[in-house]
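Take a look at the letters that make up each chain.
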Amino acid sequence: MTRKYFGTDGVRGKVGEPPITPDFVMRLGYAAGIVLAKRHGTADRPAVLIGKDTRVSGYMLESALEAGLSAAGVDVLLVGPMPTAAVAYLTRALRLSAGIVISASHNPHDDNGIKFFSSGGAKLPDQIEAAIERELDRPLKCMSSVRLGKARRIDDAAGRYIEFCKSTFPVNLDLRGWRLVVDCAHGAAYHIAPHVFHELGAEVIELGVAPDGFNINDRVGATYPKALQSAVLHHAADLGIALDGDADRLMMADAEGRVYGGDQLLYVIARHRQAAGDLRGGVAGTQMSNLGLEHAFAKLRIPFARARVGDRYVLEMLHGRGWQLGGENSGHIICLDKHTTGDGIISALQVLRALREGRTALKNAAAGVVLHPQLLINVRVRGAVDPARDAGVRRAVTEAERSLGAGGRVLLRASGTEPLIRVMVEGKARAVVKRHADAIAAAVRKTAGC
């Protein structure tokens, strides 16, 4: 599919700049409503759930989406700030036609985006996104008054989702005796995550739970684990849990303040499931997954495969192979036996289950994976740039690959959510990795005119 508006994770951009403007988002809501109405195919109006994170722009975009959907004859259910995975769950639980999340995930407050879930709680298939894009090119109309959609709020959405999260943790286990720091990044889980862990028995130290519309992901959360480290040490906590703005990413810290990323946490879950006889098939990672994770799974004889970067591609691989577990080193972890999409809260519960049932510390549970030094440099660009076509970039990449040999990797790709070229270099020696990453990034900046 050639995408005009949709990226790997919906439609995203800077607020006030196309496509994240109120007029476009209203048209997007209308186009989505028309497509959903055609697929709905009954006398009843289709209904769509809208959730958002805590960005101030969410108010504007929520109203624009509501207007567009109503004009298309679609009913709207509003839940306010809610994790992305919560919208997926509620859409499925309430038997709705689709779910929409207004969020730019881990990005700063002046970005925002729109992403869709199907009635089954999964990301929309490519063909549906293509149909919405085609509809966007047609004029916006309006149904007659008797066919307009209505809007109402779901007041108990948070409570429903808290209970769902708790249901993914074994009923014979609890978290009593643990002191946990829970960092919600001033994002969508600020009124959800602390309650989940507290109601399972933990003493919870809350962090990043005072959103003001502008502080989402600002020096807190999964993208800034230093805040979690400091809080864990300051409060003498047993563990720390950090989510991002829409709560689909997870980072954790142990009592010593040591941070564990997505690859290590995925290993902890997979190893525990294998030991318990609960691992179905293998594990799906991405091109960014650390070589150390691949080697660790090989030692356990757990099949491992790499998908393209992006949780939608991990999901595609899991469904295609009949596997249940996958994730990204950024902290997206998918447990298909628990939920239809990646969920930071539920992923944390799976790690805590592994530690509780294994009667072990996070440090010991993750000891089997030894991460290779890996450096990621984001080069901001203007417009569409393909640095791989540049001779200077190709020379830098070739030199890096020759130097690193079989013990290293180079990955050069365009971000699907931001105007960035991501340069990743991985190898056995940190100094060598840094030298080549800097050289490739410099070559990319030169060809991109930045």
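Residues numbered from 1 in each chain as written. Predicted model: local features only at pLDDT ≥ 70, side-chain atom pairs only at ≥ 80, totals over all residues. Heavy atoms only, no water.

K.L.:
I'd like a rundown of helix 13 (residues 391-404), residues and numbers included.
P.N.:
Side chains of residues three or four places apart in an α-helix project in the same direction, reflecting 3.6 residues per turn. The terminal C-alpha atoms of helix 13 lie 20 Å apart, and with 14 residues this matches the ideal 20 Å at 1.5 Å per residue to within 8%. For helix 13, the full list of buried residues reads Val 393, Ala 396, Val 397, Ala 400 and Leu 404. Projected down its long axis, helix 13 shows its buried positions confined to an angular sector of 95°, all on one face. Counted as exposed and oriented over 90 degrees from the buried face of helix 13: Arg 395 and Arg 402. Looking at the buried positions of helix 13, the neighbouring elements they touch are strand 17 (409-414), strand 18 (420-426) and helix 14 (430-448). Measuring from the backbone nitrogen of Gly 392 back to the side-chain oxygen at the start of helix 13 gives 2.9 Å, which picks out Asp 390 as the cap. One or two positions beyond helix 13, positive phi appears at Gly 405, with a value near 65°. (Helix = DSSP H or I, 4+ residues; strand = E, 2+ residues; numbered from the N terminus. Expected span 1.5 Å × (residues − 1). Buried < 20%, exposed > 50% of the residue type's maximum accessible area, 1.4 Å probe, protein only. Arc of directions from axis to C-beta. Contact = heavy atoms within 4.5 Å. Polar contact = N/O pair within 3.5 Å; in protein donor to acceptor, adjacent residues only side chain to side chain.)

K.L.:
Now, about the packing of aromatic side chains: what can you tell me, with residues and values included?
P.N.:
Per the stated rule, a full pass over the model turns up seven aromatic pairs. Measuring from centroid to centroid gives 5.9 Å for Tyr 161 and Phe 164, while their planes differ by 35°, and the two rings are tilted. On the criterion of helical spacing, the pair formed by Tyr 161 and Phe 164 is a turn pair, its members being three residues apart in helix 5 (residues 157-167). Judged by its relative accessible area of 0%, Tyr 161 is buried. By the ring-pair criterion, three or more aromatic residues cluster together here, those being Tyr 89, Tyr 161 and Phe 164. (Phe/Tyr/Trp six-rings, centres within 6.5 Å; stacked < 30°, edge-to-face > 60°.)

K.L.:
Describe the pairing of strand 9 (residues 239-243), with residues and values.
P.N.:
With five of five residues buried, strand 9 is to be regarded as a mostly interior element. With burial as the criterion, each face of strand 9 is covered, one bearing Leu 239, Ile 241 and Leu 243 and the other bearing Gly 240 and Ala 242. In this structure, strand 7 (residues 179-183) lies alongside strand 9, joined through four bridges in parallel fashion. Counterpart to Leu 180 in the pairing with strand 9 is Leu 239. Of the strand pairs in this sheet, strand 9 and strand 10 (residues 250-254) are connected by five bridges, and their pairing is antiparallel. Residue pairing across strands places Leu 243 opposite Leu 250, the latter belonging to strand 10. With antiparallel pairing between neighbouring strands as the criterion, strand 9 and strand 10 make up a hairpin whose turn holds six residues, including Ala 247 at a positive phi of roughly 65°. (Pairing = 2+ DSSP bridges.)

K.L.:
With reference to specific residues and values, describe the pattern of salt bridges.
P.N.:
The full count for this structure, using the stated rule, is 32 salt bridges. For the salt bridge of Arg 138 with Glu 135, the shortest nitrogen-to-oxygen distance reads 2.8 Å. Judged by relative accessible area, which is 45%, Arg 138 ranks as partly exposed. Between Glu 203 and Arg 179 there is a salt bridge whose closest N-O contact spans 3.2 Å. Of the two residues, Glu 203 sits in strand 8 (residues 203-207) while Arg 179 sits in strand 7, which places them 24 residues apart along the sequence. Residue Glu 203 is classed as partly exposed on the basis of its relative accessible area of 39%. The class of Arg 179 is partly exposed, set by a relative accessible area of 29%. (Salt bridge = Lys/Arg side-chain N within 4 Å of Asp/Glu carboxyl O.)

K.L.:
So, the side chain of Gln 324: which residues are in play, and what are the values?
P.N.:
Mapped onto the elements, Gln 324 comes out in the loop between helix 10 (311-321) and strand 14 (325-327). In this view, Gln 324 contacts Arg 273, Asp 278, Arg 280, Leu 318, Ile 334, Cys 335, Leu 336 and Asp 337; residues no more than four positions away in its chain are not counted.

K.L.:
I'd like to hear about the layout of surface pockets, residue by residue, with values.
P.N.:
A volume near 1300 Å³ is recorded for the largest pocket. Along its surface, the largest pocket is lined by 45 residues, and Arg 249, Met 288, Asn 329, Ser 330 and Leu 376 are the ones closest to its centre. Looking at the lining of the largest pocket, the elements that each hand over two or more residues are strand 11 (259-260), helix 8 (262-276), helix 10, strand 16 (374-380), strand 17 and strand 18. Per-element tally for the lining of the largest pocket: the top contributor is strand 16, with four residues. Per-class residue counts for the lining of the largest pocket are 14 nonpolar, 19 polar and twelve charged. If you add up the space inside the second largest pocket, you get close to 790 Å³. Along its surface, the second largest pocket is lined by 28 residues, and Arg 12, Ser 415, Thr 417, Glu 418 and Pro 419 are the ones closest to its centre. Contributions of two or more residues to the lining of the second largest pocket are made by strand 1 (11-14) and strand 18. Per element, the largest residue contribution to the lining of the second largest pocket is three residues, and it comes from strand 1. Of the residues assigned to the lining of the second largest pocket, the class counts are twelve nonpolar, eight polar and eight charged. (1 Å grid on protein atoms, 1.4 Å probe; cavity = no way out; pocket = protein on both sides within 12 Å on 5 of 7 lines; lining within 4 Å. Points joined across faces, edges and corners; volume = space filled by probe spheres on them. Nonpolar A, V, L, I, M, F, W, Y, C, P; charged D, E, K, R; others polar.)

K.L.:
Can you lay out the nonpolar core for me, pointing to particular residues and giving the numbers?
P.N.:
Taken as a class, soluble globular proteins show a tendency for nonpolar side chains to be buried jointly. Core analysis: the largest hydrophobic core is formed by 70 residues, its most contacted members being Leu 180, Phe 197 and Leu 352. When sequence neighbours within four positions are dropped, the list of residues in contact with Leu 352 reads Phe 169, Leu 175, Trp 178, Leu 180, Phe 197, Leu 239, Ile 241 and Met 252. With 33 residues, the next largest nonpolar core counts Ala 31, Ile 34, Ala 71 and Ile 102 among its residues. (Core = buried A, V, L, I, M, F, W, Y, C linked by side-chain atoms within 4.5 Å.)

K.L.:
Run through a nonpolar patch on the surface, naming residues and quoting values.
P.N.:
There is a patch of nonpolar side chains on the surface, built from Val 56, Tyr 59 and Phe 214 and spanning about 320 Å² of accessible area. Tracing the backbone through its elements, the reader meets Phe 214 in the loop between strand 8 and helix 7 (226-234). (Patch = residues over 30% accessible without salt bridge, like charges linked within 9 Å, V, L, I, M, F, W, Y side chains within 5 Å. Areas by Shrake-Rupley, 256 points an atom, 1.4 Å probe, with all protein chains shown as cover.)

K.L.:
Quick one: what's the story with the packing of helix 5 against helix 11 (residues 344-358), residue by residue and with numbers?
P.N.:
Helix packing for two helices is described by the angle between their axes and how far apart those axes are. At a minimum axis distance of 9 Å, the contact between helix 5 and helix 11 shows a crossing angle of 30°. Judged by the angle between their axes, helix 5 and helix 11 are roughly parallel. As helix 5 runs across helix 11, the sense of the crossing is right-handed. Within the contact between the two elements, helix 5 uses Tyr 161, Phe 164 and Cys 165 and helix 11 uses Ile 345, Ile 346 and Leu 349. The residue inventory of the contact of helix 5 with helix 11, partitioned by class, reads six nonpolar, no polar and no charged. (Axes fitted to C-alpha atoms, helices over the stretch in contact; angles between N-to-C directions. Parallel < 35°, antiparallel > 145°, perpendicular 65-115°, else oblique. Left-handed = near helix turned anticlockwise from the far one by under 90°.)

Scope: geometric values only; no functional claims are made or implied.
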